Amino acid sequence: MIIDKRVIENLKKEQLRLANKLNLVKIDKNIRDFKLIVGIDLTFIKEEAREKGIVCFSILKNNINNIKIEYKILKEEIKFPYIPGLLAFREYPLIEELFYILNEEYKTELENKEVLFFIDGHGISHPRALGIASHFGVKLNQISIGIAKRKLFGYYNENNLKRLKITELYNNEKKEKHLGYVINTELITNRKILGSRVLFISPGNNIDCESSLKLFIQMIKNYNLVITELAHNYLVKIKNEQI
């Protein structure tokens, strides 16, 4: 699948337009103040010579007395190729479709910003400040945080990360713009997360860098899990069953 260069340039302009709508604000809520915590991940398969995507929402129902995890999945044909920096145009349509299915059940919670979304991918730590977590958050006006295993854009001090649990991620070596944090997972959890020793945490939308980090750490401390990892593991199981 080949995309015309003019189309790519127009999509980059669309990202810049959406990035102007970002709302990067401090959140005073703690992780237990959200009624739902949702992790989002996708995988891709070949089926009848066509590429299809499977999106999974892992949903933690945040009742103090009875915490429950449930899963929602959706499979559809993918019509956009993998292009670095334009991942959202490949993944977002499928995520959006499942979001509106979620909305049928939790409309009030979503309207009241009582749902926190963690998305496998970047937020503002992106060349145009609009990774999949930010794209999702802006388009649907939700609180979203990106969790990525590899750096897409930005600068951090690797020596600091070896000594410390966490270090800041900036847009460049001059540290002109704070994009999020880089986490040494083994120093925080004594294990890899999503098979990685390093995670990049960045705000998607309706949240800032500090609040994103705070809620991510609280998720680990309160529930001993990473919600996107649950979605990832569920997708691995589904994918193995279809092979």
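*Asks:* If you had to explain unusual backbone geometry to someone new, which residues and values would you point to?
*Replies:* You will see that Glu 48, though not glycine, has its phi angle at about 55 degrees, which is positive. We classify Glu 48 as exposed; its relative accessible area is 73%. At Lys 113, a residue that is not glycine, the phi angle is positive and equals roughly 55 degrees. By the element assignment, Lys 113 lies in the loop between α2 (87-111) and β4 (115-120).

*Asks:* Let's hear about the sheet that holds strand β2 (residues 50-61): which residues, and what values?
*Replies:* Here we have eight strands laid out as an open sheet, ordered β3-β2-β1-β4-β5-β8-β7-β6, and mixed in their pairing. Here the strands that pair on one side only, and so sit at the sheet edges, are β3 (68-77) and β6 (166-170). Across the sheet, the mean angle from the axis of one strand to that of its neighbour is 25 degrees, orientation sign disregarded. With five bridges joining them, strand β1 (residues 36-47) and β4 adopt parallel strand pairing. Looking at the pairing, Leu 36 lines up with Val 115 of β4. Contacting β1, β2, β3 and β4, α2 runs over the sheet at an angle of about 30 degrees to β2.

*Asks:* Tell me what's going on with the side chain of Asp 41, and back it up with residues and numbers.
*Replies:* In this structure, Asp 41 sits in strand β1. There is no salt bridge for the buried Asp 41, and the closest opposite charge comes from Lys 149, which lies 5.9 Å off by N-O distance. Here the side chain of Asp 41 touches His 232 through a polar contact of 3.4 Å, side chain to side chain.

*Asks:* So, helix α1 (residues 5-19): which residues are in play, and what are the values?
*Replies:* Two residues of an α-helix separated by three or four positions point the same way, owing to the 3.6 residues in each turn. Taking 1.5 Å of rise per residue, the 15 residues of α1 would be expected to cover 21 Å, and the 21 Å separating its terminal C-alpha atoms lies within 8% of that figure. Listing the buried residues of α1 in full gives Ile 8, Leu 11, Gln 15, Leu 18 and Ala 19. The buried residues of α1 occupy one face: seen down the axis, they fall within an arc of 100 degrees. In α1, the exposed positions angled more than 90 degrees off the buried face are occupied by Arg 6 and Lys 13. For α1, the elements touching its buried residues are α2 and α3 (132-140). Between the side-chain oxygen of the N-cap and the backbone nitrogen of Arg 6 there are 2.7 Å, and the N-cap of α1 in question is Asp 4.

*Asks:* Could you give me a rundown of the pattern of salt bridges, with the residues and numbers involved?
*Replies:* With the rule as written, the count across this model stands at 13 salt bridges. Residues Lys 72 and Glu 105 are paired through a salt bridge, measuring 3.0 Å at the closest nitrogen-oxygen approach. Pair noted here: Lys 72 is in strand β3 and Glu 105 is in helix α2, with a separation of 33 residues, a long-range link. Under the relative-accessibility criterion, Glu 105 is labelled partly exposed at 43%. Among the salt bridges present, the one from Arg 197 reaches Glu 186, with a minimum N-O distance of 3.4 Å. Of this pair, Arg 197 sits in the loop between α5 (185-189) and β8 (198-205) while Glu 186 sits in helix α5, placing them 11 residues apart in sequence.

*Asks:* Describe the packing of aromatic side chains, listing the residues and the values that go with them.
*Replies:* Considering all chains together, one arrives at seven aromatic pairs under this definition. Each ring, one from Phe 117 and one from Phe 136, has its centre 4.9 Å from the other, and the planes form 65 degrees; the classification is edge-to-face. Within this pair, whereas Phe 117 is found in strand β4, its partner Phe 136 is found in helix α3, the two being separated by 19 residues in sequence. Each member of the pair, Phe 117 together with Phe 136, is buried. For the ring pair Tyr 156 and Phe 200, a centre distance of 5.6 Å and an interplane angle of 75 degrees mean the geometry is edge-to-face. Residue Tyr 156 is located in the loop between β5 (143-148) and α4 (158-163), and its partner Phe 200 is located in strand β8; the two are separated by 44 residues in the primary sequence. Overall, the relative accessible area of 3% leaves Phe 200 in the buried class. Through successive ring pairs, a cluster of aromatic residues spans Phe 99, Tyr 100, Phe 117 and Phe 136. Directly above the ring of Phe 34 sits Lys 29, whose terminal nitrogen or CZ lies 4.9 Å from the centroid.

Quick notes on the rules
Residues numbered from 1 in each chain as written. Predicted model: local features only at pLDDT ≥ 70, side-chain atom pairs only at ≥ 80, totals over all residues. Heavy atoms only, no water. Buried < 20%, exposed > 50% of the residue type's maximum accessible area, 1.4 Å probe, protein only. Helix = DSSP H or I, 4+ residues; strand = E, 2+ residues; numbered from the N terminus. Pairing = 2+ DSSP bridges. Axes fitted to C-alpha atoms, helices over the stretch in contact; angles between N-to-C directions. Contact = heavy atoms within 4.5 Å. Lys, Arg positive; Asp, Glu negative; His and termini not counted. Salt bridge = Lys/Arg side-chain N within 4 Å of Asp/Glu carboxyl O. Polar contact = N/O pair within 3.5 Å; in protein donor to acceptor, adjacent residues only side chain to side chain. Expected span 1.5 Å × (residues − 1). Arc of directions from axis to C-beta. Phe/Tyr/Trp six-rings, centres within 6.5 Å; stacked < 30°, edge-to-face > 60°. Lys NZ or Arg CZ within 6 Å of the ring centre and 35° of its normal.

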